[in-house]
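Structural overview for review
Residues per chain, in single letters:
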Amino acid sequence: MQYYNENTILYLNGEFVKASEAKTDFYSQSLHYGYAVFEGIRSYRNVNGETIIFKEVEHYERLKNSALLMNMPFPFSTEELIEATYELLDANNLQDAYIRPVIYAPANMSFAQNTTSYIMIAVWEMSPFLGEKLLRVMTSSFQRPNPKGFKIEAKASGHYVNSLLASHEAKANGYDEALLTDMNDNVAEGPGANVFFEKDGKLITPSTGNILPGITRATVMEICNELNIPVEEKLFTTNEMKDSDAAFFCGTAAEVIGWHSLDDVPFKKPWSESLGKIVQEAYKNVVVNPVTRSVVNKYEGMIVE
Ligand code: PMP
């Protein structure tokens, strides 16, 4: 996968610069200690041919919350970051793209808090709707980080070492992806996606507390609400999942992607007849149907509410 070439433009601390010429600091606390926060966002070419960043306010608000939870200064506004992102997509001639903002720390080898943060935003092409193939998922031997040791609801770079270990293990064992449990052996989430399963006409997903509460998870719940599909948030084990009708992951990059099996136990329903399939189709519609690019108004609308 090539993320950039000699023409690619990055947003770096208020400026648009060539990715191949941009510099970072090898003494950054982020590189040494995993002390950074980031977002994963997508833009889509909508039905009118315009570029629309999906749930841009929610993603940039989560970036701010992640930074504040990690005691990182965050002197950026959601509005300015959204505007910069649209400019960056234009500069790179991208419509269906993945957007990766990172907030990182200055040079600091001590554990002292910083008074400055830096921001980089990268964008690269990503086709929508990658997830047609059903996943063979393995219960990971790794658990998600203990929420008493980490701010688990923050999207912090260091947390992703856990995700990498789980994903590596699953792939080394011939599976497509991992499912991680929490410290009490309840199902938590995938390395980079939330999870739902279907049982007796209802969708069930882990309660918040031990997971990253995903923006796609919230969108799935909105879709279910509109389609009158019942959803329950609760704690459950992998055994309960294995005795269910169907399951899927959801996340910004993964979108909605069905499962074939968990630990080689296939789900009872064909994916094409599952509630997940209905949600998947609705999600495909939702991401390309949002209105127009009325970002500033939308954001101002949020402030006055
Ligand atoms: N859990 C984890 C650990 C993730 O990395 C992601 C991807 N950001 C998600 C869940 C899904 O979150 P979202 O729907 O906001 O992309």
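Our subject is the structure that appears above.
These figures come from a predicted structure and were not determined experimentally. (Residues numbered from 1 in each chain as written. Predicted model: local features only at pLDDT ≥ 70, side-chain atom pairs only at ≥ 80, totals over all residues. Heavy atoms only, no water.)

**A short note on the packing of aromatic side chains**
The geometry of an aromatic ring pair comes down to the distance between the two centres and the angle between the two planes. For the coordinates displayed, the defined rule picks out 14 aromatic pairs. On the numbers, 5.4 Å between centres and 75° between planes, the contact of Tyr 33 with Phe 111 is edge-to-face. A residue pair is termed long-range when its members are at least 10 positions apart, and Tyr 33 in helix α1 (residues 29–33) and Phe 111 in the loop between β6 (97–104) and β7 (118–125) qualify at 78 residues. By relative accessible area, Phe 111 is classed as exposed at 75%. Through a chain of ring-to-ring contacts, the aromatic side chains of Tyr 3, Tyr 98 and Trp 124 assemble into a single cluster. (Phe/Tyr/Trp six-rings, centres within 6.5 Å; stacked < 30°, edge-to-face > 60°. Helix = DSSP H or I, 4+ residues; strand = E, 2+ residues; numbered from the N terminus. Buried < 20%, exposed > 50% of the residue type's maximum accessible area, 1.4 Å probe, protein only.)

**Focus on the pattern of salt bridges**
What the rule picks out here adds up to 15 salt bridges. The partner of Lys 199 in a salt bridge is Asp 243, with the nearest N and O atoms 3.6 Å apart. On the criterion of sequence distance, the pair formed by Lys 199 in strand β11 (residues 194–199) and Asp 243 in the loop between α6 (238–242) and β14 (246–251) is long-range, its members being 44 residues apart. Residues joined by salt bridges that share partners form a network here, namely Lys 199, Asp 243 and Lys 268. (Salt bridge = Lys/Arg side-chain N within 4 Å of Asp/Glu carboxyl O.)

**Examining the site of the ligand**
Around the ligand, 16 residues are found, and the nearest of them are Tyr 160, Glu 189, Ile 215, Thr 216 and Thr 252. The side chain of Lys 155 places a nitrogen or oxygen atom 2.8 Å from a nitrogen atom of the ligand. Thr 252 is positioned such that a nitrogen or oxygen atom in its side chain is 2.6 Å from an oxygen atom of the ligand. Taken together, the residues of the shell around the ligand break down into five nonpolar, seven polar and four charged. (Near = heavy atom within 4 Å. Polar contact = N/O pair within 3.5 Å; in protein donor to acceptor, adjacent residues only side chain to side chain. Nonpolar A, V, L, I, M, F, W, Y, C, P; charged D, E, K, R; others polar.)

**A word on unusual backbone geometry**
With a phi close to 70°, Asp 185 is a non-glycine residue in the positive phi region. Mapped onto the elements of the fold, Asp 185 is located in the loop between β9 (177–181) and β10 (187–189). At Asp 264, a position not held by glycine, the phi torsion is positive, near 70°. Residue position: Asp 264 is located in the loop between β15 (255–262) and β16 (265–266).

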